[in-house]
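# Reading the structure
Given next are the chains, with one letter for each unit.
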Amino acid sequence: MTREAENRRRQRSITVTNSEWLRLKTRAKEAGMPVSRFIVHRLAEEDPGPAPDRGPGGLPAAVWRRVAREVLLLGRLEEERLAAAHVSQEREALAGEVETWLARQEELA
């Protein structure tokens, strides 16, 4: 067999259950790859890694941006609400408690 023939990609088929296929499609999408490439990478024990359009935690960039936007928006709305109620010192106390909790979580990780 020639090198060219050996390296040429060919269509193959596999048999999987519906739940296996769904899991495979989900994992390939999370890796930012087509299913066939994901399978080949996994067989070769290569880490496909996040695709370039991925944000923290491997989330698609658009999802990450939407999450960040909503969290920042909620934070700003709450700051405005508390300022209008003249209780912004309570917010700072709560923020300190949250920082302490986050630090503990990072230590456990």
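It should be noted that the structure appears before, not after, this text.
So, here's what we can say about the structure. Quantities reported herein were computed from a predicted structural model and do not represent experimental measurements.

Next up on the list: the overall build of the protein chain. Counting its regular elements, the protein chain contains five helices and zero strands. When the helices and strands of the protein chain are placed in sequence order, the string is α-α-α-α-α. For 109 residues, the compact-globule formula gives about 13 Å, and the C-alpha radius of gyration of the protein chain, at 23 Å, lies well above that figure. Burial status across the protein chain gives 9% buried among its 109 residues. Counting every atom, the protein chain has about 9800 Å² of accessible surface; 55% of that belongs to carbon and sulfur. Here the protein chain contributes 19 positively and 18 negatively charged side chains, and the mean placements of these two sets differ by 12 Å.

Glancing now at the pattern of salt bridges. Under the counting rule described, the total for this entry stands at four salt bridges. A salt bridge links glutamate 78 to arginine 81; the nearest nitrogen and oxygen atoms lie 2.5 Å apart. On the criterion of helical spacing, the pair formed by glutamate 78 and arginine 81 is a turn pair, its members being three residues apart in helix H4 (residues 61-84). According to the relative accessible area criterion, glutamate 78 is partly exposed, its value standing at 31%.

Turning next to the nonpolar core. One finds Leu24, Ala28, Ala31, Met33, Val35 and Phe38 forming the largest nonpolar core, which totals six residues. Among the secondary structure elements, those contributing two or more residues to this core are helix H2 (18-31) and helix H3 (35-43). Ranked by the residues each element gives to this core, the list is headed by H2, at three residues.

Let us now look at the packing of H2 against H3. Running from amino to carboxyl end, H2 crosses H3 at an angle of 85°, the nearest separation of the two axes being 9 Å. Between H2 and H3, the angle falls in the class roughly perpendicular. Residues Trp21, Leu24, Lys25, Arg27, Ala28 and Ala31 of H2 form the contact with H3, whose own contacting residues are Val35, Phe38, Ile39 and Arg42. Across the contact of H2 with H3, the residue classes break down as seven nonpolar, no polar and three charged.

Cut-offs and rules
Residues numbered from 1 in each chain as written. Predicted model: local features only at pLDDT ≥ 70, side-chain atom pairs only at ≥ 80, totals over all residues. Heavy atoms only, no water. Helix = DSSP H or I, 4+ residues; strand = E, 2+ residues; numbered from the N terminus. Rg over C-alpha atoms; globule rule 2.2 N^0.38 Å. Buried < 20%, exposed > 50% of the residue type's maximum accessible area, 1.4 Å probe, protein only. Areas by Shrake-Rupley, 256 points an atom, 1.4 Å probe, with all protein chains shown as cover. Lys, Arg positive; Asp, Glu negative; His and termini not counted. Charge placed at Lys NZ, Arg CZ, Asp CG, Glu CD. Salt bridge = Lys/Arg side-chain N within 4 Å of Asp/Glu carboxyl O. Core = buried A, V, L, I, M, F, W, Y, C linked by side-chain atoms within 4.5 Å. Axes fitted to C-alpha atoms, helices over the stretch in contact; angles between N-to-C directions. Parallel < 35°, antiparallel > 145°, perpendicular 65-115°, else oblique. Contact = heavy atoms within 4.5 Å. Nonpolar A, V, L, I, M, F, W, Y, C, P; charged D, E, K, R; others polar.

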